[in-house]
Amino acid sequence: MLVLEWIGVGVLVVFAGLLVLFVRRALVTRSGGIIRLSVRVSTMLDGRGWSPGFGRFTDDELRWYRMFSFAIRPKRVLARRGLAVERRRLPEGQERFSMPADWVILRCTSHQAPVEIAMAQSTVTGFLSWLEAAPPGAVSPRLGAQDWPAA
């Protein structure tokens, strides 16, 4: 009888863990602007260190959440203001086994440190558009509020 109780507790714990993962994902993805995105979290070995997840666009930030994590907060936040794409390349060597064939790797520079992100080729255009665009109502740093014509 004791063995059955432990099995029941084990099943309950696994079920609760899966429930938390699904609730977390539902909370994170409740608003639009979600893309599949892998981020290279370690550069110790060539072609390795990629972590799958998804990115969420919010105003001036791209928030990256690990796919298999219980955390509600993003693992990494990339601010649009300090982010620039340095180069684009296709997966090489071991990277070809860790991501889909139609994905592209972008090496970006930011205020904190360089970062490599991978996404589908069809997503790159949207990412670059978001990177170059300003949110509605924002004033360009090159065009101050005093330069706007009076209404």
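Residues numbered from 1 in each chain as written. Predicted model: local features only at pLDDT ≥ 70, side-chain atom pairs only at ≥ 80, totals over all residues. Heavy atoms only, no water.

Attention shifts here to the pairing of strand E3 (residues 61-66). The pairing of strand E2 (residues 50-58) with E3 spans six bridges and is classified as antiparallel. Counterpart to Arg-56 in the pairing with E3 is Arg-63. Taking the residues between adjacent antiparallel strands as the criterion, E2 and E3 are bridged by two residues, where Asp-59 takes a positive phi near 50 degrees. Here E3 runs beside strand E4 (residues 76-79); their pairing, made up of four bridges, is antiparallel. Across the sheet, the residue bridging to Trp-64 is Arg-76, located in E4. (Pairing = 2+ DSSP bridges. Helix = DSSP H or I, 4+ residues; strand = E, 2+ residues; numbered from the N terminus.)

Let's shift gears to the pairing of E2. Two faces make up the sheet, and in a regular strand the side chains alternate between them. Counting buried positions along E2 gives seven out of nine residues, so the element sits mostly inside the fold. Bridging between strand E1 (residues 34-40) and E2 involves seven bridges; their strand directions are antiparallel. Paired with Arg-36 across the two strands is Phe-54, which belongs to E2. (Buried < 20%, exposed > 50% of the residue type's maximum accessible area, 1.4 Å probe, protein only.)

Before going further, it helps to spend a moment on the pattern of salt bridges. Taken as a whole and judged by the stated rule, the model has eight salt bridges. One salt bridge in this structure joins Glu-95 and Arg-40, with 3.9 Å as the shortest N-O distance. Linking Glu-95 in helix H2 (residues 95-98) with Arg-40 in strand E1, this pair joins segments that are 55 residues apart in sequence. The class for Glu-95 is buried, based on a relative accessible area of 2%. Residue Arg-40 is classed as buried on the basis of its relative accessible area, which comes to 12%. Where Glu-116 meets Arg-40, a salt bridge forms, and the shortest distance between an N and an O atom there is 3.0 Å. Of this pair, Glu-116 sits in strand E7 (residues 115-120) while Arg-40 sits in strand E1, and the two are 76 residues apart along the sequence. This pair shows no difference in class: Glu-116 is buried, exactly as Arg-40 is. What you see here is one network of salt bridges that share partners, running through Arg-40, Arg-89, Glu-92, Glu-95 and Glu-116. (Salt bridge = Lys/Arg side-chain N within 4 Å of Asp/Glu carboxyl O.)

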